[in-house]
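What the coordinates show
Below, each chain spelled out in residue letters.
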Amino acid sequence: MTIRVRFAPSPTGYLHVGATRSALFNYLYARQNGGKFLLRIEDTDLARSTDESTRSILEGLAWIGLEPDEEIVFQSANADKHRAAAFRLLDEGKAYRDFTPKAAPSDANVKDAIKDRARASQGEKDLRNNPYRGLSKEESDARAGSGEPFAIRLKVPETGKTSFEDGVFGLQERGYAETEDLVLLRSDGHPLYNLAVVCDDIEMRITDVIRGQDHLTNTHKQILIYEALDVQPPKFAHLPLILAPGGKKLSKRIHGEIVSLTTYRDAGFIPDAFRNFLALLGWSAGEEKEIYSLEELIEKFSLEGVHRSSAIFNYEPNNPKRWTDDKLIWMNAEYIRTMPLEQLLPMVKIELKANKLWREEYDEEGEALAAAIPSTADLGPDGRPSTVAIENRETGTRNWFIYTVDVIRQRFFTLKDFSSQGRAYFSEDFDFDQAAIEKNLKKFPDLQTWLPELADRFETAFAETSQAETRAVASVPAGNGAIHFTEANIETVVKAFTEEKGTKLGVIMNGARTLLTGVAVGPSMLTVFEIIGLERTLMRLRSQVAWNAVAEARTK
RNA sequence: GUCCGGUUCGUCUAGGGGUUAGGACACCGCCCUUUCACGGCGGCAACACGGGUUCAAAUCCCGUACCGGAUACCA
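Okay, so let's go over this structure. Position numbers for residues count from 1 along each chain, tracking the sequence in the order it is written. Chains carry letters from A onward and ligands carry numbers from 1 onward, assigned in written order. Owing to the predicted nature of the model, reporting of local features is limited to residues with pLDDT of at least 70; listing and counting of side-chain atom pairs is limited to 80 or more, with chain, interface and lining totals taken over all residues. To get the side-chain values, take all heavy atoms of the structure and skip hydrogens and water.

Points about empty space enclosed by the protein
Cut-off, in case you're wondering: Points on a 1 Å grid over protein atoms alone make up a cavity when a 1.4 Å probe fits among them but cannot get out, and a pocket when they form an open set with protein on both sides within 12 Å along at least five of seven lines; lining residues each have an atom within 4 Å of a point. Grid points are joined across faces, edges and corners, and a volume is the space filled by probe spheres set on the points. Each residue receives one of three labels: charged for Asp, Glu, Lys and Arg, nonpolar for Ala, Val, Leu, Ile, Met, Phe, Trp, Tyr, Cys and Pro, and polar for the others, Gly being one of them.
Counted under the stated rule, the structure contains 1 cavity of 30 Å³ or more. Every residue along the wall of the largest cavity is listed here: Ile408, Arg411, Phe412, Gln421, Tyr425, Val519, Val521, Gly522 and Pro523. Taken together, the residues of the lining of the largest cavity break down into 6 nonpolar, 2 polar and 1 charged.

Below you can see the structure in the form of structure tokens.
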């Protein structure tokens, strides 16, 4: 039998990270077993369901790469079938009409109200004491015929128990005495969750139900419905919950945006990285490995490897550096610096475009950024990817762009960094980081005259070739007489200059770094000079903007 | 209240009768270095508690504590 699993969110908000993990595990399970991964939108609560939420869920799933294999099922479209099932059980005597007037909704917190009521009714706990449970068929029909509203409840047997083998939690048993005669159909004719789920799972021919642990008790109720309906229940597996740092279930209501998948997309996370992180929250392959591709996850996933204890998703709302889980941030950085460039570049393009930093030249010559980039996959001596070797990288071209991204990605954490920290590579309009100014400029006042002097030196040294000529011959290796603005040549000039001034190389380099990039961190300065290019280097070394900031700070 | 489940470094986790209890993130130190990262090396840091079984318990059993979930004419 083909494995068929489903992800069944209710569209009452954005896609929750916990729900996303359920979707992921379902997906992995399906893929591993050559089965189908289906999506059902549980929109039976019309009051709370919104189309916008449905869109958001679909978007989120698409972003993280979990698209359903068949058409999406909307539960509300099946309401008639659910109703029919309820009436069938009524006819068969497996359910009964409950004429008890619907209780007015309490104004208190629903959960608290439920708890209070449960506590209060502790003494005479008999879930089979509904006065209408034993009503004769004639009387029941008569009252219904006269228009009296009723709900339909399942007639749970007096004695016995439900039991099932959970794929994660093992054997689960629950005496009927613990399960009430659950309502299948509301007095307004609306089918209820448990009935709807069972009917739809049957109709969708679901073989394995993998969902959150919060459904563990529902499973017993649903098994009762399966039995009443004379259908063999599917296999069940429940996943541990994802908790917030306080130890409470991670919820939309109290934890806010941190639980929404879109938050991570918008914050510059790589879908593969997020998926990788999520997979390791509550599941382990039992080996010392952290980075898993989708293929590896599909191959290694198993329900046995899923934990029974909940995991905490760490975050600190007021700490910008740790606003979300440390490991997630690390993993994203790891993906950014090691993933194939042809996959990363299109994402960087989107990020730059959104910030008006993108130039069409980067895409020129009809070569898509996603085209294979030779040598990128080569691994360096330490087994990590080496930087890409691209010749002909004149400023502003596609090759320049690829090379630049490859160089700067080495110390970025999210895609956002390309437009913030990396802004100076793509635009003249960038800010100077105060700490960088303090550390690299303010302490060395001489730099205010030295750096423009260095610009003059560059201009002289590299004057032999005009900008146009430099472009034309940029591919010619240095050392053949032509002096190009390349790392080796720049190094010679800067070293001579440094010696002449009797200072340390670092002072010059870091001063230049601040002026050229606005920040105190980045790739080797020789690389930075070359990437920024001669023209922009001269301009920025001579600019007084940052120095004005230094002066301003002094007068304060 | 009742039912169900859980508890290994701060966090994610490996281990499941004999281990110096392993890895990863975070943190700290050293090396590399023009900065910051990366990388390398090292450090800090855990079996909730109490009984039992056993030559031997983090591991098996029982209890306690604590935490979580569920308990609805919500999903």
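Some remarks on the protein's contact with RNA strand B
As a reminder of what qualifies: By convention in these notes, a residue is near a molecule or strand provided one of its non-hydrogen atoms lies within 4 Å of it. Residues adjacent in sequence count toward polar contacts only when both atoms are side-chain atoms; beyond that, a polar contact is any pair of N or O atoms within 3.5 Å, and within protein one must be able to donate a hydrogen and the other to accept it. Secondary structure elements follow DSSP: runs of H or I of four or more residues count as helices, runs of E of two or more count as strands, with numbering from the N terminus.
Taken together, the neighbourhood of RNA strand B is formed by 74 residues, with Arg186, Thr217, Gly282, Arg322 and Arg411 sitting nearest. Expressed as a percentage, the sugar and phosphate content of the atoms of RNA strand B within 4 Å of the protein is 70%. Between RNA strand B and lysine 327, the relevant distance is 3.0 Å, taken from a base nitrogen to a side-chain nitrogen or oxygen of the residue. One nitrogen or oxygen atom from the main chain of alanine 520 is found 3.0 Å from a sugar or linking oxygen belonging to RNA strand B. Contributions of two or more residues to the surface near RNA strand B are made by α4 (110-120), β5 (151-154), β7 (170-175), α7 (216-229), β12 (311-312), α12 (326-338), α20 (505-517) and α21 (525-532). Here the element with the most residues in the surface near RNA strand B is α4; it accounts for 7 residues.

Here's the deal with the packing of aromatic side chains
Let me state the cut-off plainly: For Phe, Tyr and Trp, rings pair up if their centres lie within 6.5 Å, where Trp contributes its six-membered ring, and each pair is then called stacked (planes under 30 degrees apart), edge-to-face (over 60) or tilted (otherwise). Exposure is judged per residue with a 1.4 Å probe applied to protein chains only, and the accessible area is read against the type maximum: over 50% gives exposed, under 20% gives buried, and values in between give partly exposed.
In this structure the tally under the stated criterion is 27 aromatic pairs. Pairing tryptophan 283 with tyrosine 292 gives two aromatic rings, centres 6.0 Å apart and planes at 65 degrees, and the pair type is edge-to-face. Among the residues examined, tryptophan 283 registers a relative accessible area of 3% and is labelled buried. Looking at tyrosine 292, the relative accessible area reads 1%, which means it is buried. Relative to tryptophan 400, the ring of tyrosine 362 has its centre 5.7 Å away and its plane inclined at 35 degrees; by these criteria the two rings are tilted. In this pair, tyrosine 362 is assigned in the loop between α13 (341-354) and α14 (398-408) and tryptophan 400 in helix α14, connecting sequence segments 38 residues apart. As far as the burial class goes, tyrosine 362 and tryptophan 400 line up, both buried. Put simply, the rings of Trp63, Tyr264, Phe269, Phe274, Phe277, Phe313 and Trp323 pair up and form one aromatic cluster.

As for the pairing of strand β1 (residues 4-7)
The following threshold applies: Strand pairing follows a simple DSSP-based rule, namely that at least 2 bridges must link the two strands.
Neither face of β1 is left uncovered, since the one carrying Arg4 and Arg6 and the one carrying Val5 and Phe7 both have all their residues buried. As paired strands, β1 and strand β2 (residues 36-41) are joined by 4 bridges and run parallel to one another. By the bridge assignment, arginine 4 is partnered in β2 with lysine 36.

Some details on a positive patch on the surface
Where we set the bar: Within this analysis, patches are made of residues with over 30% relative accessible area and no salt bridge. Like charges are joined at 9 Å or less; nonpolar side chains (Val, Leu, Ile, Met, Phe, Trp, Tyr) at 5 Å or less. All accessibility values rest on the Shrake-Rupley procedure with a 1.4 Å probe; residue burial counts only the protein chains present in the view. Whenever Lys or Arg places a side-chain nitrogen within 4 Å of a carboxyl oxygen from Asp or Glu, that contact is recorded as a salt bridge. Neither His nor the chain ends is counted toward charge; the positive residues are Lys and Arg and the negative residues Asp and Glu. Where a charge lies is defined by one atom per residue type, namely NZ (Lys), CZ (Arg), CG (Asp) and CD (Glu).
On the surface, a cluster of positive charge is contributed by Lys111, Lys115, Arg119 and Lys248. Position of lysine 115 relative to the elements: it lies in helix α4.

Section: unusual backbone geometry
Located in the positive-phi region is aspartate 230, a residue other than glycine, with phi close to 65 degrees. Here aspartate 230 is to be found in the loop between α7 and β10 (235-239). Positive phi outside glycine occurs at lysine 356, with the angle close to 55 degrees. On the secondary structure map, lysine 356 appears in the loop between α13 and α14. Residue classification places lysine 356 among the exposed residues on the basis of a relative accessible area of 74%.

Notes on the sheet that holds β5
Condition: To obtain each axis, a line is fitted to C-alpha atoms, and for helices this fit is confined to the stretch in contact; angles are then taken between N-to-C directions over 0 to 180 degrees. The contact criterion used is simple: two residues touch if any of their non-hydrogen atoms lie within 4.5 Å.
With respect to topology, 3 strands assemble into an open sheet ordered β4-β5-β8, the strand pairing being antiparallel. Looking at the sheet topology across the chains shown, the edges are occupied by β4 (95-98) and β8 (183-185). Between one strand axis and the next, the sheet turns through 40 degrees on average, direction left out of account. Pairing between β5 and β8: 2 bridges, direction antiparallel. Note that in β8 the partner of isoleucine 152 across the bridge is leucine 185. Together, β4, β5 and β8 form the strand contacts of helix α3 (residues 79-91), whose direction differs from that of β8 by roughly 120 degrees.

Digging into the pattern of salt bridges
Considering all chains together, one arrives at 45 salt bridges under this definition. Among the ionic pairs, aspartate 98 bridges to arginine 153, the shortest N-O distance being 2.7 Å. Of this pair, aspartate 98 sits in strand β4 while arginine 153 sits in strand β5; the two residues are 55 residues apart in sequence, bridging distant segments of the chain. The class of aspartate 98 is buried, set by a relative accessible area of 4%. What makes arginine 153 buried here is its relative accessible area of 17%. Where salt bridges share partners, they join Arg6, Arg40, Glu42, Asp200 and Asp201 into one cluster.

Some words on the environment of leucine 526
On the secondary structure map, leucine 526 appears in helix α21. Residue classification places leucine 526 among the buried residues on the basis of a relative accessible area of 13%. C-alpha separation for the pair leucine 526 and arginine 97, spaced 429 residues apart in sequence, amounts to 82 Å. Discounting residues that sit within four places of it in the chain, leucine 526 has contacts with Glu487, Ile490, Glu491 and Met509.

Regarding α14
The buried count for α14 comes to 10 of 11 residues, which makes it a mostly enclosed element. On its buried face, α14 sits against α13, α15 (423-426), α19 (487-501), α21 and α22 (534-542).

Structural notes on the nonpolar core
Keep this limit in mind: Throughout this description, the term nonpolar core refers to a set of buried Ala, Val, Leu, Ile, Met, Phe, Trp, Tyr and Cys residues connected via side-chain atoms within 4.5 Å.
Counting residues in each nonpolar core, the largest one holds 110 residues, and the members touching the most others are Phe313, Phe401, Phe418, Leu451, Phe458 and Phe529. Broken down by element, this core gets its largest block of residues, 8 residues, from helix α1 (residues 17-32). Excluding residues that lie within four positions of it along the chain, leucine 451 makes contacts with Leu441, Ile508, Gly511, Ala512, Leu515, Leu541 and Trp547. With 33 residues, the next largest nonpolar core counts Leu38, Leu184, Leu185 and Leu216 among its residues.

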